Amino acid sequence: MKKALAVLLCTTLTAASLSGCGMIGKLTGSSNDTDAESEGSSFINKIKDGLSEESGETAEESAETVTEEPESETETSTDTEAEDQQNKDTADDTAADENDTASESKLKTPTYKIARKYFTYTYDGDLKFSNPENDYANGVLITAQDAFVVMDDNCKNDYPELYNALKERAQVKSSSGFDDWAAEAKGQYEDAIQNDYSFFGPWTMTQDYYLTRSDETVLSIYDYSSDYQGGAHGMYGAVGINYDVQTGKELTLSDVVQYSKEELDKIIKEKLYELPDTNDGYWELDETLAKYKLDASDSNDGYNYKWYLSNDGLHIIFNPYEIAAYAYGMIEVSMGYNEYDGLINEKFMPEEGRGYISHSDIGLYNAKWAGDIKVRHLEFEGTEDNEYGDYAESLSLVDGDKKVTVPASFEVDYDSIVTYNVKTDDGKEYIYVTVPDYNDYYALFVFDVSGNEFKAAEPEYFHYAGEDYGNDYFAEALLSDPDNMPFAIVSDCFGTMNIYNSYKVGDDGKPVPTEPVYTVGSYCSPNAKSNSYIKGDIVDEDGNVINADEIIKSGETFEPIKTDNKSYVDCRLGDGRIVRLTLTSASYPVSIREGELEKVFDNIVYAG
């Protein structure tokens, strides 16, 4: 969980966000549906079932050339060469124009957001334990996190089939889905009270999603779940959810793999035996693999492979108990796209040399206990077991003999730290690490892993941004495209506002805005009114001036919608027009030509 707020921020600052092909929701005039209906899906069932133009000389010109003197022939030759070069340049320009047109017509990579819902159920009956020590839940019967992935609204016209497929899946998920489970927990809790035995709880369920591959061809989602309903331990596992982006069809393994099941099983078996510390734990591997199928089916005859595509290849997941005992945990094997000739259908091979962002499972460890870890990982140094737990004073990326460290200052919440693999079109590679900070901010650490030595810089700070999705779900944008990353910052240009932009990976790996103008997501001054006349330019939706130096009467309402965060802020007036206010100071106290905002407007609110 995040730290307690150190500075009071308006709660509305998390009411909107940016995602993907453009701005989401209300900030572009589009809106998310809030009438999603659903049924929750059982984690246990899911684990079981798997879910040139030419310009030659004229004849007359040629004749004139023939009659000219020799020295003129040289000049003519030079002229002809110049013409040839001009023709070549024209052809190159035409080709470039055609490439530009093709590039403009090419669909943008779709982008997505994840919607999460947190659910707690506390016992609301009248029964009480005669022995309070039997109530390990202390009356809290269920804590849960549900989630689903949807496409950014501004991509739906380019990818309508996939947009609708994800939306329908969300509708199935997003109604309560916990009613039956809550009734079951309550029944067992009361039975424990009446029969004087212990209730182990609270029961928990966590579901989360990570994008492992996202381009114009494939969307692959890693769907991780864990739950606990009493007993010695809980259950956990994952499945892959894979879509053809162009058609919206959910893919089966046989759509992607061109080998026979027997050939695939042989590869999987070889890969499994290459894994360390598991060889003696498999349960009759040949017989077990024979029960798996390439195609998903409602039949109870066998099991479905759980799989996903990443940027490095095909991954097959085996959850606890599937091929080995619970103690061996989840077991996963991978096959590179080009590792086996003809294994992967050419249609689903990723484009070479293109950039990507995908979720990473790089672990975070206390440096005191990380000495024997050989794989790439994160380490922190700092204070152990203080009032809030571990506290980091530095963060390092380590891989064998390679290590780079940056100063850091954060409470260590392992569940809230997210890592990404980032690769740009020019081949540079980075690790992004997001760490929760105060007041709904987070620190973004950027580690450059492109060269022989790791590099890092001071962290950048951004603001969490999202929007209500309906039914108590809150949606936040996911990072998946290095040329279109959503980040939000806080501005004081019209009271305290949450503003955001599309960013791309800069030359040093840090995100840089792709546009000079930020969109206002939410703000603390919804009732701002002028208390004197104000002069400003009336502009259209694109910021073009329609009428300069318009006088706006006193008492008009102002709603901030766009700003460059330094010289102006555009506000929508009560009559629908947009006025551009020129800032004479963009830092507190913010001022326009008529004076300080807090003096010129009523109800301007600053947080902090």
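The rules behind each value
Residues numbered from 1 in each chain as written. Predicted model: local features only at pLDDT ≥ 70, side-chain atom pairs only at ≥ 80, totals over all residues. Heavy atoms only, no water. Pairing = 2+ DSSP bridges. Helix = DSSP H or I, 4+ residues; strand = E, 2+ residues; numbered from the N terminus. Axes fitted to C-alpha atoms, helices over the stretch in contact; angles between N-to-C directions. Contact = heavy atoms within 4.5 Å. Buried < 20%, exposed > 50% of the residue type's maximum accessible area, 1.4 Å probe, protein only. Expected span 1.5 Å × (residues − 1). Phe/Tyr/Trp six-rings, centres within 6.5 Å; stacked < 30°, edge-to-face > 60°. Lys NZ or Arg CZ within 6 Å of the ring centre and 35° of its normal. 1 Å grid on protein atoms, 1.4 Å probe; cavity = no way out; pocket = protein on both sides within 12 Å on 5 of 7 lines; lining within 4 Å. Points joined across faces, edges and corners; volume = space filled by probe spheres on them. Nonpolar A, V, L, I, M, F, W, Y, C, P; charged D, E, K, R; others polar. Core = buried A, V, L, I, M, F, W, Y, C linked by side-chain atoms within 4.5 Å. pLDDT = per-residue confidence, 0-100.

A. A look at the sheet that holds strand β5 (residues 203-214). The strand order across the open sheet built from 7 strands is β7-β6-β5-β4-β3-β24-β23, with neighbouring strands paired in mixed fashion. Single-partner strands in this sheet number two, and they are β7 (235-244) and β23 (467-470). Neighbouring strand axes in the sheet, compared pairwise and without regard to direction, differ in orientation by 25° on average. Helix α4 (residues 160-173) contacts β3 (112-122), β4 (140-151), β5, β6 (218-228), β7 and β24 (473-477) of the sheet and is inclined by roughly 170° relative to β4. On the sheet, helix α5 (residues 179-195) packs against β3, β4 and β5 and is oriented at approximately 165° with respect to β4.

B. Up close: the pairing of strand β33 (residues 568-573). Extensive coverage of β33 is indicated by the burial of 5 of its 6 residues. Pairing of β33 with strand β34 (residues 578-585), which is carried by 5 bridges, proceeds in the antiparallel orientation. When the bridges of β34 are listed, V569 appears paired with L581. Where β33 hands over to β34, the hairpin turn is made up of 4 residues, of which G576 adopts a positive phi near 95°.

C. α4, seen in detail. For α4, which comprises 14 residues, the first-to-last C-alpha distance of 20 Å matches the rise-based estimate of 20 Å (1.5 Å per residue) to within 8%. L162, Y163, A165, L166, K167, A170 and K173 are the residues of α4 that are buried. Looking at the packing, one finds that the buried side of α4 touches β3, β4, β5, β6, β7 and β24.

D. Broad picture of the packing of aromatic side chains. Applying the stated rule across the entire model yields 28 aromatic pairs. Here F148 and Y469 contribute two aromatic rings whose centre-to-centre distance is 5.5 Å and whose plane-to-plane angle is 65°, an arrangement assigned as edge-to-face. You can see F148 sitting in strand β4 and its partner Y469 sitting in strand β23, a full 321 residues away along the chain. One Lys or Arg, R580, reaches over the ring of Y568 and ends 3.8 Å from the middle of that ring.

E. Looking closely at empty space enclosed by the protein. Volume-wise, the largest cavity comes out at about 60 Å³. Along the walls of the largest cavity sit F148, V149, L166, R169, A170, K173, Y209, I221 and I241, which together make up its complete lining. When contributions to the lining of the largest cavity are tallied by element, the ones reaching two or more residues are β4 and α4. Grouping the amino acids of the lining of the largest cavity by side-chain chemistry returns 7 nonpolar, no polar and 2 charged.

F. Focus on the nonpolar core. Ranked by size, the top nonpolar core spans 41 residues in total, and within it Y432, F494, F558, L581 and F601 carry the most contacts. The element contributing the most residues to this core is strand β26 (residues 497-505), with 4 residues. With near-sequence residues (within four places) excluded, L581 lies in contact with F494, I534, F558, S567, Y568, V569, C571, I592 and F601. In terms of nonpolar packing, the next biggest core, distinct from the first, is built from 31 residues, L253, I267, F318 and F348 among them.

G. Spatial organisation of the sheet that holds strand β10 (residues 306-309). Taken in spatial order, the 3 strands make up an open sheet running β10-β11-β12, and their pairing is antiparallel. On the outer flanks of this sheet lie β10 and β12 (331-336), each paired with one strand and no other. The average undirected angle you get between the axes of adjacent strands in this sheet is 20°. Pairing analysis gives 4 bridges linking β10 to strand β11 (residues 313-318), with the strands arranged antiparallel. Counted as the bridge partner of K306 is I317 from β11. On the sheet, helix α7 (residues 261-274) packs against β11 and β12 and is oriented at approximately 120° with respect to β12.

H. Summary view of the confidence of the model for the protein chain. Summary statistics for the protein chain give a mean pLDDT of 83 and a share of 80% for residues scoring 70 or more. Ignoring residues within four places in sequence, the model shows residues 94-105, a span with pLDDT below 50, making 0 contacts including any to other chains.

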